[in-house]
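# Coordinates in review
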Amino acid sequence: LFGIALHEAAHGWAAARLGDRTAELLGRVTPNPLRHIDPVGTVLVPLLLAFTTGTPFGWARPVPVNPRNLRDPKRHMILVAAAGPLANVLMGIVWALVFAVAYYAGSGWGGLRQFLLSMGNFGIQFNALLAVFNLLPIPPLDGGRVIRGLVPESLGQSLDRVEPWGLILVMVLLVVGVLGKVVWPVAGWLADFIFSLTGA
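Structure report, in brief. For clarity, every value in this text was computed on a predicted model and none was experimentally measured. (Residues numbered from 1 in each chain as written. Predicted model: local features only at pLDDT ≥ 70, side-chain atom pairs only at ≥ 80, totals over all residues. Heavy atoms only, no water.)

### As for the overall build of the protein chain
The helix and strand tally for the protein chain stands at nine helices and zero strands. Taken from the N to the C terminus, the helices and strands of the protein chain come in the order α-α-α-α-α-α-α-α-α. Relative to the 2.2 N^0.38 estimate, which gives 16 Å for 200 residues, the radius of gyration of the protein chain is 18 Å and therefore close to what a compact globule would have. Principal-axis analysis of the C-alpha atoms places the extent of the protein chain at approximately 60 × 40 × 30 Å. Looking at the protein chain as a whole, 40% of its 200 residues qualify as buried. Considering only contacts in the protein chain between residues 6 or more positions apart, those separated by 24 or more positions represent 69%. Taking the 14 positively charged and 10 negatively charged side chains of the protein chain as two groups, their mean positions are separated by 2 Å. (Helix = DSSP H or I, 4+ residues; strand = E, 2+ residues; numbered from the N terminus. Rg over C-alpha atoms; globule rule 2.2 N^0.38 Å. Buried < 20%, exposed > 50% of the residue type's maximum accessible area, 1.4 Å probe, protein only. Contact = heavy atoms within 4.5 Å. Lys, Arg positive; Asp, Glu negative; His and termini not counted. Charge placed at Lys NZ, Arg CZ, Asp CG, Glu CD.)

Structure (structure tokens):
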């Protein structure tokens, strides 16, 4: 929940720093998960997929960003989009520090040590997965928005036409197994890299 909430809050925080305070004024620049829950994307779809495919997938309520308020709309939208995955990488590093503290603490902490090791491990793995998944170059994912800001405007307008169908495309790729073959190896590499930073 905090991984998803911080991801969305980071988009709003970056937008506010770059000229658009829409999300900030709506109270969406917060780590409070309740402000980012989407009844369908955060609750219904993950539950349905967990019981049918065994692979939960979902999304939070997107943070509103008005590109026209940004000082340099095209370039700054790249930074706003990248802020979410970057927040997940940073959160993964925080969980790695939690893991390392518990790892080096020894057996004196008892059950608390095992709890922190498990939470740290899951926090690293999940945030690595969230960062990599969101960087897929498919609109409306963050990677799609980054690509939109990098390509010529004519190609960008073609990407805009794909965006309404983006989540359906992602779900199809997920169900047929293509997405897992792309995302899991990269997310695993990122998680291993974050683990390696602690030496634990």
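### A look at empty space enclosed by the protein
To locate leftover empty space, one rolls a probe as large as a water molecule over the atoms. This model, assessed by the stated rule, comprises one cavity of 30 Å³ or more. The computed volume of the largest cavity comes to approximately 40 Å³. If you go around the largest cavity, the residues you meet are Leu1, Ile4, Ala5, Pro33, His36, Ile37 and Thr42. (1 Å grid on protein atoms, 1.4 Å probe; cavity = no way out; pocket = protein on both sides within 12 Å on 5 of 7 lines; lining within 4 Å. Points joined across faces, edges and corners; volume = space filled by probe spheres on them.)

### Topic: the nonpolar core
The tendency in soluble globular proteins is for nonpolar side chains to be buried as a group. Counting residues in hydrophobic clusters, the biggest one holds 25 residues, and the most contacted among them are Phe133, Val170 and Leu179. Within the residue set of this core, elements represented by two or more residues are helix 3 (39–52), helix 4 (73–105), helix 5 (111–134), helix 8 (166–175) and helix 9 (178–198). Sequence-distant contacts of phenylalanine 133, defined by excluding residues within four places in its chain, comprise Phe57, Leu141, Val170, Leu179 and Val183. In this structure, Ala10, Ala14, Ala15 and Val80 belong to the second largest nonpolar core, which totals nine residues. (Core = buried A, V, L, I, M, F, W, Y, C linked by side-chain atoms within 4.5 Å.)

### A closer look at helix 6 (residues 142–150)
For helix 6, the full list of buried residues reads Asp142, Gly143, Gly144, Val146, Arg148 and Gly149. Against the buried residues of helix 6 lie helix 1 (2–17), helix 4, helix 5 and helix 7 (153–162).

### Comments concerning the packing of aromatic side chains
Evaluated as defined, the whole model comprises five aromatic pairs. Measuring from ring centre to ring centre gives 5.2 Å for phenylalanine 99 and phenylalanine 195, while their planes differ by 80 degrees; the resulting arrangement is edge-to-face. Of this pair, phenylalanine 99 sits in helix 4 while phenylalanine 195 sits in helix 9, and the two are 96 residues apart along the sequence. The same class applies to phenylalanine 99 and to phenylalanine 195, which are both buried. Taking the centre distance of 6.0 Å and the plane angle of 15 degrees together, the rings of phenylalanine 122 and phenylalanine 126 count as stacked. Of the two residues, phenylalanine 122 and phenylalanine 126 both sit in helix 5, four residues apart, roughly one turn of that helix. Members of the aromatic cluster, joined through ring pairs, are Phe99, Tyr103, Tyr104 and Phe195. (Phe/Tyr/Trp six-rings, centres within 6.5 Å; stacked < 30°, edge-to-face > 60°.)

### What to know about the environment of proline 140
Within the secondary structure, proline 140 is located in the loop between helix 5 and helix 6. A relative accessible area of 25% means that proline 140 is categorised as partly exposed. Separated by 19 residues in the primary sequence, proline 140 and leucine 159 place their C-alpha atoms 9.3 Å from one another. What proline 140 contacts, discounting residues up to four positions off in sequence, is Arg145, Glu163, Gly166 and Leu167.

### Observations regarding the side chain of asparagine 134
Structurally, asparagine 134 can be placed in helix 5. For asparagine 134, a relative accessible area of 11% corresponds to the buried category. Beyond its immediate stretch of four places on either side in the chain, asparagine 134 contacts His7, Pro85, Leu141, Asp142 and Gly143.

### Examining the packing of helix 5 against helix 9
At a minimum axis separation of 8 Å, helix 5 and helix 9 run at an interaxial angle of 130 degrees. Here helix 9 runs oblique to helix 5, going by the angle between their axes. Once helix 5 is placed against helix 9, the crossing between them reads as right-handed. Residues Asn121, Ile124, Gln125, Ala128, Leu129, Ala131, Val132 and Phe133 of helix 5 pack against Leu179, Val183, Trp184, Val186, Ala187, Leu190, Ala191, Ile194 and Phe195 of helix 9. Here the contact of helix 5 with helix 9 is built from residues that sort into 15 nonpolar, two polar and no charged. (Axes fitted to C-alpha atoms, helices over the stretch in contact; angles between N-to-C directions. Parallel < 35°, antiparallel > 145°, perpendicular 65-115°, else oblique. Left-handed = near helix turned anticlockwise from the far one by under 90°. Nonpolar A, V, L, I, M, F, W, Y, C, P; charged D, E, K, R; others polar.)

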